[in-house]
Each structure stands twice: as C-alpha cells, then as structure tokens.
Amino acid sequence: RVAKLACAIAKKMHLPEEKINALHLAATIHDIGKVEVPLEILNKPGRLNKAQFRMIESHSQTGYKLATSINFPSPVADIILQHHERLDGSGYPQELKDDKILLEAKILACADVVEAMSSHRPYRAAHSMDECLEEIWQKRNVLYDCDVADVCINLFTKDNFTFSTSTSMANPY
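About the criteria used
- Residues numbered from 1 in each chain as written.
- Predicted model: local features only at pLDDT ≥ 70, side-chain atom pairs only at ≥ 80, totals over all residues.
- Heavy atoms only, no water.
- Helix = DSSP H or I, 4+ residues; strand = E, 2+ residues; numbered from the N terminus.
- Expected span 1.5 Å × (residues − 1).
- Contact = heavy atoms within 4.5 Å.
- Polar contact = N/O pair within 3.5 Å; in protein donor to acceptor, adjacent residues only side chain to side chain.
- Phe/Tyr/Trp six-rings, centres within 6.5 Å; stacked < 30°, edge-to-face > 60°.
- Lys NZ or Arg CZ within 6 Å of the ring centre and 35° of its normal.

Draft legend 1. Quick look at helix H9 (residues 146-157). The first and last C-alpha atoms of H9 sit 16 Å apart over 12 residues, in line with the 16 Å expected at 1.5 Å per residue. Close packing links the buried residues of H9 with helix H1 (2-12), helix H7 (103-117) and helix H8 (129-139). A side-chain oxygen of the first residue of H9 lies 3.0 Å from the backbone nitrogen of Asp147; this N-cap is Asp145.

Draft legend 2. Molecular detail of the side chain of His83. By the element assignment, His83 lies in the loop between helix H6 (76-82) and H7. Within polar-contact distance, the side chain of His83 engages the backbone oxygen of Ile80 at 2.6 Å. There is a polar contact of 3.1 Å between the side chain of His83 and the side chain of His84. Leaving out residues up to four positions away in the same chain, His83 has contacts with His30, Asp31, His59, Ser60, Ala105, Leu108, Ala109 and Asp112.

Draft legend 3. Representation of the packing of aromatic side chains. Enumeration over the complete set of coordinates arrives at 3 aromatic pairs. Between Phe161 and Phe163, the aromatic rings sit 5.7 Å apart at their centres with planes inclined by 85 degrees, giving edge-to-face as the arrangement. An aromatic cluster of three or more residues is present, and its members are Phe156, Phe161 and Phe163. Stacked on the ring of Phe161, the Lys or Arg Lys4 has its end atom at 5.3 Å from the ring centre.

Take a look at the structure:
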C-alpha cells in the first residue's frame, strides 16, 4: 500500500523511471528494520515509554544497515534511512531538514503517514481518509514537502486513487 501510493506520487511528479523503481523497492521494504523490534512493543495497545519509542525509532537505521549489506541499488538504503525525516528537522534519525532529505524519502514519508493513519493499529482505530489528507494539508511545508503533499492530496481528491486490497508486491505503476 505504501509503495503503491509512493510510486503514484512519484509518477505524477514525473520522476525518472530509475528513481521510481528505487522508490518502489525502498517503499516495499522501508520498515524491514522492525525485525529487530520486539513484537510486544510493535503490538502494544497503549502508549510507549521513551525507551520503547527509541527502539521503534531505530528501525530506519536497522533497515539502512540491512539494505546496505544486501547492496541494493542507490539510493534505496538512504531512502529507507530518511523516511521518518521531516522538513522542519523534527524527524529521525538524523534530524535532517528540507533540502538535506532526498525527494524520494519525502515522497515515502508522505505515503507512509497516509497509509499508517488510514490503517487500524493496536493503539488506535483507523482514521478516515479525509482526516489523513487534512493532516497532510495542515502540515505541508512544515513536516511534509509542499509539492509532494499537494500531489498526494490530489491523487485522492481528483484522481480517485485508492489503496487496493491486493497484497501483490508487483510494481504498481
């Protein structure tokens, strides 16, 4: 689901095919670093304490290490590492700002937020798509890249984008 939305955004932004392919791979495995996070933390129904949250935050660095050890094409590992960075520097793990964040990571960040908010989690019910898009709209140019946010919102509101129920790993574009 994240890969499908990320690639739809990238395609609408006219990214070159090789960038879309790298983004597709990164988006498909972006949370692979969570393999090192205990299931009881990933599935905890209540709030996480600081130590537990730091374990969750470490997943992007773990994913980066795994991707570099597998020698994926550039910049897959960097996209995975940066997918929780935010324009204002409030993200993690490097607290990168604006132009220090890869465009592909900015796209993945937006797609990941929309997908996560619209999905049920043990600690909260799924948000409506209107609520998800409002979050992106309200925080565009603060947390999320303005162009990426606008394209994402337009995909849902003007182009009738939907998440399919298919679990296929095939390239969605």
